[in-house]
Amino acid sequence: MGESTSRGFTRRNFIKGAALLTATGALAGCAPQTEGMQEATTEVKPDEIYCGSCRGACMQGCQLNVHVRDGRVVRTSARELPDSRYTRICSKGLTQPFRMYSSERLQYPMKRVGERGEGKFERISWDEAIQTITDNWKKNIEEFGPASNVKCTNGGNLGAPTFVWSTLAAILGMTSVGTDFDAAWSTAGTPMLGGPDMFRAQNENADLLNSKTIVAWGFNPVISHVQTMHFINEARENGTKFIVIDPVFSPTAQFADWFIPINAGTDAALAMSVLNVVVENGWHNEEFLKAHTEAPFLIKEDGTFLRMSDLGVEPTEGDPNPLTGEPTIIDPNVVWDEDAQQAVAYAEAKNPKLSKIPQVEGFTVKTEWEVIVERIAEYGPDAASEITGVPADDIRELARVYGEEGPVNTYNIYGFNHYFNAHQAYRAVNTLGFALGYIGVQGGATGSGNGEPYGLYNVVGVSMPKDADGNYCQGTSPLSPPVSEFNEIFDTGEYQGQPFPLKSIVFAVINPLGTNTGREYMLEWINKFELVVVADMVMSETAKYADILLPVAYWFEVEDALWQSTNSPFVLWQDKVCDPLYESKSDREMVKMLVDAMGYSNFPLLESDDAYQQAIFDTDALRQSGITLDKLKQEKALRHWTADGSEFIAYKNYTFGTSSGLISLYQEEPYVAYVPNSGSNVDAERERSVAWTPPKEAWINSEARKTFPFHCISERPRTRTHTQWQDVGYLNELYPEPVCKINPEDASELGIVEGDTVRLFNDRGSVVMRAVLHAGAPRKTVTVPRGFEMDEFIEGHFGNLSMHEYDGISRNQVFLDCAIDIEKIEEGE
Ligand SMILES: Nc1nc2c(c(=O)[nH]1)N[C@H]1C(S)=C(S)[C@@H](COP(=O)(O)OP(=O)(O)OC[C@H]3O[C@@H](n4cnc5c(=O)[nH]c(N)nc54)[C@H](O)[C@@H]3O)O[C@H]1N2
Ligand SMILES: Nc1nc2c(c(=O)[nH]1)N[C@H]1C(S)=C(S)[C@@H](COP(=O)(O)OP(=O)(O)OC[C@H]3O[C@@H](n4cnc5c(=O)[nH]c(N)nc54)[C@H](O)[C@@H]3O)O[C@H]1N2
Ligand code: SF4
Ligand SMILES: [Mo]
């Protein structure tokens, strides 16, 4: 691995393509700029510079200059954005050309000739590849229905490709699955903030400079969000206090004014305890709670809301539900109006009361706020200290900072996401932030900021496209079984009581054998599929298990737009720098070939990359902002999060997508995003409001830790985004092999010294790598970099250690909820 040269590269075709493109590019208003004209001699031609966007899942949204010399991409550099604060690049952005010309690239369609996973393939034509796949799909549809064909995608490219495969699945009625990454935030955020808008719960990063305090709560931006870290550092220089809450002394912790080590998986308990002290001191924001949250809503003794119908007021009919056409029933929630001294519908209340409510027409009631206050009572600083390992005085001080040194931006992405019950951590941290009013204000925000405001782009339209006659396609299969249950579904042929034969699967923009939990479990189900298709740019770990391999064009070989980012408030353009190398094709082109071969050639959005982009940009929200594809092609970057170009503050207008339009702090019906086949085991009462339930294995006192005493945290390597960039030799020199970082005292007890070879194991599997001593790792906790693949470990695979199960509420892979043991197997050199 790591040899960054290309095989079989046909330079002649490339130059032809590039020349053609220059001509068409000029017509479309994307004529390459030139640089270094002054220095140019007659012999040295200036570079042609195209516009690129870096679209991996690090979500930072950097724009690139792609320099082309003599028909070859020779380097990439940071491209100036209209707001220079966002002009950034990192070592991964700078090494893109090595990926483009990597020897790992798939060059032509191939079919498997050896055993699955053996990596033996034979070149075939595109016609044969498409025919083989579609013959199988047609047969499956006839015998078992369209849902027996499955498509599985994630975010290897945050531009159009993921959506293109969803378009395919919808047209063909396939089953659509992801592999359920990062889901605990949405399990908590959906009912609290309402709907998909909560994916943009963070303010624009430039606003970090308005925060008095920034809390990176389970967030390691020095590695995972490098450009976000830049804003945090500027804020620090500006006097902002920076707090990091993490079990590990992470690379980000070294920049903290205050590092708070915490026992893994106990964040909900810490947040509840901090809120407990906040409330005790009256630091919470009553005005905000009354105006913008459901905190005053009354709840009856049976746990359901007191509604006007309980007080004898007949419900009324609202507008019909636009999806079902069914009339909606309006039965308003009741609050106690302090001014009127009576129970009224929330909308009528002048001054809703938060606590100590008298009986209402025979009903004993309490408010949403009182439920919270009751629940946090058992998490006083001393009790919480026992659970979290954070000293009680530190909890009190953190509460003081939250109460007195605001506005606070609690920035988390997904650090505490990947555990059983992680949605409770988000719910508790959110509740803390919202109780203080840190949402919708400059300098104040609470939560994750993963994506663009909902509805800006036509995600729904391209996931449910219309044909040329204006008719909707059939849509994906209504059931989407979780991959954590695929083996059981294969064995029983059923999912949720219905026959569910699984026959073929296509993986695209995802490398699950390199990134999923429970790798052994997954290998088992992959091998049960009759046909496995992988569309990728490189021979990924998953690609090795394909029956048919489809070579995908590199990011610079297709025009595309990047509009999903945590950092950059711009939609970014990607010029097509040259034709796809070798025989590779864009995802859109191969999806079109598949759709055509299946007999559905009537979908205009698949006709060209431009048509597809036009479909994504087809929303009123973008039109109102004056953002069109043509304008983007000309200007290359357009500010898109706010229509008027102002800095984006999440929920600035305090309109939330909940049924009440307010932040919900209590759910009558707990939101369950995943019901296991074996049935729901949710404790509904407990899930209605803040609670802490320990993770399954990571919890220091869990059963699992009695047998496997170490907690294994996976960390992100600086040099890779998941499994990508692993073919860049320069970056591999910086991080040549996966190592297990272990606390020196633990190491000494086990007789391990730096450089020794160790085996990490549990009852699911094992992996062998070298050990490095790390005083920042807490006792009985090791960290291992993820994103390394089979042949990079000395033996085994890191993915064998994690469990494939989900917690029964979130549909969420729990990479970090993992107990292991360690043994030394060889002295280091
Ligand atoms: N270089 C690089 N950057 C990436 C990626 C990559 O693979 N490589 N992946 C991208 C993607 S898809 C994602 S989702 C983001 C995620 O980025 P982050 O949200 O930063 O998530 P992590 O890196 O998983 O973990 C962040 C921190 O949480 C800590 N942590 C672990 N367990 C706990 C806990 O129980 N409580 C608390 N408080 N902290 C805990 C970890 O020690 C770590 O320091 O990164 C993105 N950026
Ligand atoms: N142990 C452990 N495992 C983890 C995590 C962890 O913290 N610990 N984090 C998890 C998280 S948060 C995430 S989001 C997942 C990410 O998991 P994946 O999405 O599987 O991650 P990538 O390695 O980015 O894989 C994407 C694949 O897409 C391919 N690709 C890139 N661009 C394109 C394109 O334009 N078209 C097509 N067809 N393919 C393309 C790449 O070559 C690569 O093989 O990993 C998860 N895995
Ligand atoms: S990998 Fe991320 S931070 Fe680096 S250049 Fe690309 S988008 Fe920017
Ligand atoms: Mo992720």
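Residues numbered from 1 in each chain as written. Chains lettered and ligands numbered in written order. Predicted model: local features only at pLDDT ≥ 70, side-chain atom pairs only at ≥ 80, totals over all residues. Heavy atoms only, no water.

**Notes on the overall build of the protein**
Part 1 of the argument: From N to C terminus, the protein includes 25 helices and 34 strands.
Part 2 of the argument: Compactness check: the protein gives a C-alpha radius of gyration of 27 Å against a globular reference of 28 Å for 829 residues, within 12% of the reference.
Part 3 of the argument: Along the first, second and third principal axes, the C-alpha atoms of the protein reach 85 × 70 × 65 Å.
Part 4 of the argument: Each of the 829 residues in the protein was classed as buried or not, and the buried ones make up 61%.
Part 5 of the argument: Sequence-distant contacts, at least 24 apart, represent 74% of the contacts inside the protein between residues at least 6 apart.
Part 6 of the argument: A total of about 31,200 Å² of accessible surface is found on the protein, and carbon and sulfur atoms cover 49% of it.
Part 7 of the argument: Positive and negative charge centroids in the protein, built from 70 and 116 side chains respectively, lie 5 Å apart. (Helix = DSSP H or I, 4+ residues; strand = E, 2+ residues; numbered from the N terminus. Rg over C-alpha atoms; globule rule 2.2 N^0.38 Å. Buried < 20%, exposed > 50% of the residue type's maximum accessible area, 1.4 Å probe, protein only. Contact = heavy atoms within 4.5 Å. Areas by Shrake-Rupley, 256 points an atom, 1.4 Å probe, with all protein chains shown as cover. Lys, Arg positive; Asp, Glu negative; His and termini not counted. Charge placed at Lys NZ, Arg CZ, Asp CG, Glu CD.)

**Let's talk about the sheet that holds strand S18 (residues 408–411)**
Part 1 of the argument: Taken in spatial order, the 5 strands make up an open sheet running S11-S10-S9-S18-S19, and their pairing is parallel. Both outer strands of the open sheet, strand S11 (258–261) and strand S19 (445–447), are each paired with one neighbouring strand and no more. For this sheet the average axis-to-axis angle between neighbouring strands, irrespective of direction, equals 15°.
Part 2 of the argument: Relative to strand S10 (residues 241–246), strand S9 (residues 213–217) runs parallel, the two being bridged by 5 bridges. (Pairing = 2+ DSSP bridges. Axes fitted to C-alpha atoms, helices over the stretch in contact; angles between N-to-C directions.)

**Let's talk about the domain arrangement of the protein**
Part 1 of the argument: Taken domain by domain, the protein holds domain 1 (110–181 + 455–639), domain 2 (201–448) and domain 3 (703–824).
Part 2 of the argument: For domain 2 versus domain 3, the distance between C-alpha centres works out to 33 Å.
Part 3 of the argument: Listed by partner, the interface residues are 15 residues for domain 2 and 21 residues for domain 3.
Part 4 of the argument: Roughly 1,500 Å² is buried in total at the junction of domain 2 and domain 3, and carbon and sulfur atoms are behind 63% of that figure.
Part 5 of the argument: Counting every contact that joins domain 2 to domain 3 gives 0 salt bridges.
Part 6 of the argument: Between the two partners, domain 2 and domain 3, sit 6 residue pairs in polar contact (both at pLDDT 80 or more).
Part 7 of the argument: If you tally residues by element for the side of domain 2 that touches domain 3, the top one is helix H7 (residues 221–224), at 3 residues.
Part 8 of the argument: The residue inventory of the side of domain 2 that touches domain 3, partitioned by class, reads 9 nonpolar, 6 polar and no charged. (Domains from an automatic or database assignment. Buried area = accessible area lost by both parts, 1.4 Å probe. Salt bridge = Lys/Arg side-chain N within 4 Å of Asp/Glu carboxyl O. Polar contact = N/O pair within 3.5 Å; in protein donor to acceptor, adjacent residues only side chain to side chain. Nonpolar A, V, L, I, M, F, W, Y, C, P; charged D, E, K, R; others polar.)

**A short note on the environment of Ala643**
Part 1 of the argument: Its place among the elements puts Ala643 in the loop between strand S27 (637–639) and helix H23 (703–707).
Part 2 of the argument: In the structure, Ala643 is positioned 17 residues away from Gly626 in sequence and 8.0 Å away in space, judged by C-alpha atoms.

**Some thoughts on the site of ligand 3**
Part 1 of the argument: Taken together, Cys54, Cys58, Gln60, Gly61, Cys62, Cys90, Lys92, Gly93, Val226 and Gln227 are the residues near ligand 3.
Part 2 of the argument: Looking at the shell around ligand 3, the elements with two or more residues in it are helix H2 (91–94) and helix H8 (226–237).
Part 3 of the argument: When grouped by side-chain class, the residues that make up the shell around ligand 3 number 5 nonpolar, 4 polar and 1 charged. (Near = heavy atom within 4 Å.)

**Details of the UniProt feature "domain: 4Fe-4S Mo/W bis-MGD-type" (unreviewed entry) in the protein**
Part 1 of the argument: The UniProt record annotates "domain: 4Fe-4S Mo/W bis-MGD-type" (unreviewed entry) at residues 47–104.
Part 2 of the argument: With 16% helix and 34% strand, residues 47–104 has end C-alpha atoms that lie 26 Å from one another. (UniProt positions renumbered as here; feature names shortened; annotations may be inferred.)

**Let's talk about the nonpolar core**
Part 1 of the argument: One finds Tyr402 and Trp525 to be the most contacted residues of the largest nonpolar core, which totals 199 residues.
Part 2 of the argument: Excluding anything up to four places from it in sequence, Trp525 contacts Val483, Phe486, Asn487, Phe490, Ile505 and Phe507.
Part 3 of the argument: Phe710, Tyr735, Met769 and Cys818 belong to the second-largest nonpolar core, a separate cluster that totals 21 residues. (Core = buried A, V, L, I, M, F, W, Y, C linked by side-chain atoms within 4.5 Å.)

**Structural notes on the site of ligand 1**
Part 1 of the argument: Near ligand 1 you find 34 residues, and of these Ser224, Asp246, Tyr414, Tyr419 and Arg720 are the closest.
Part 2 of the argument: A distance of 2.7 Å is found between an oxygen atom of ligand 1 and a backbone nitrogen or oxygen belonging to Tyr414.
Part 3 of the argument: In this structure, a nitrogen atom belonging to ligand 1 sits 2.6 Å away from a side-chain N or O atom of Tyr419.
Part 4 of the argument: Calculation on ligand 1 without its partners gives an accessible area of 910 Å², and the protein chains cover 96% of this total.
Part 5 of the argument: Elements represented by at least two residues in the shell around ligand 1 include exactly H7 and S10.
Part 6 of the argument: Classifying every residue of the shell around ligand 1 gives 17 nonpolar, 9 polar and 8 charged.
Part 7 of the argument: Shared between two domains, the shell around ligand 1 holds at least three residues of each, these being domain 2 (201–448) and domain 3 (703–824).

**Some words on helix H19 (residues 587–597)**
Part 1 of the argument: Residues of H19 that are buried: Asp587, Arg588, Met590, Val591, Lys592, Leu594 and Val595.
Part 2 of the argument: Turning to H19, the residues buried within the fold contact helix H4 (126–144), helix H5 (161–172), strand S23 (531–536), strand S24 (548–551) and helix H20 (609–616).
Part 3 of the argument: A positive backbone phi angle near 90° is found at Gly599, which sits one or two residues after H19.

**So, the pairing of S24**
Part 1 of the argument: Judged by which residues are buried, S24 turns out to be covered on both faces: Ile548 and Leu550 on one side and Leu549 and Pro551 on the other are all buried.
Part 2 of the argument: For strand S5 (residues 110–112) and S24, the ladder comprises 2 bridges, and the chain directions are antiparallel. Bridge pairing links Met110 to Leu549 in S24.
Part 3 of the argument: Pairing between S23 and S24: 4 bridges, direction parallel. The residue of S24 that forms the bridge with Val533 is Ile548.

**Points about the pairing of strand S31 (residues 765–773)**
Part 1 of the argument: Pairing geometry for strand S29 (residues 739–742) and S31, over 4 bridges, is parallel. Paired with Ile742 across the strands is Leu773, a residue of S31.
Part 2 of the argument: Relative to S31, strand S30 (residues 757–762) runs antiparallel, the two sharing 6 bridges. Pairing of Asn762 across the sheet is with Gly765, part of S31.
Part 3 of the argument: Taken together, S30 and the strand that follows it, S31, pair antiparallel across an intervening segment of 2 residues.
Part 4 of the argument: In this sheet, strand S33 (residues 795–796) lies alongside S31 in antiparallel orientation, the contact comprising 2 bridges.

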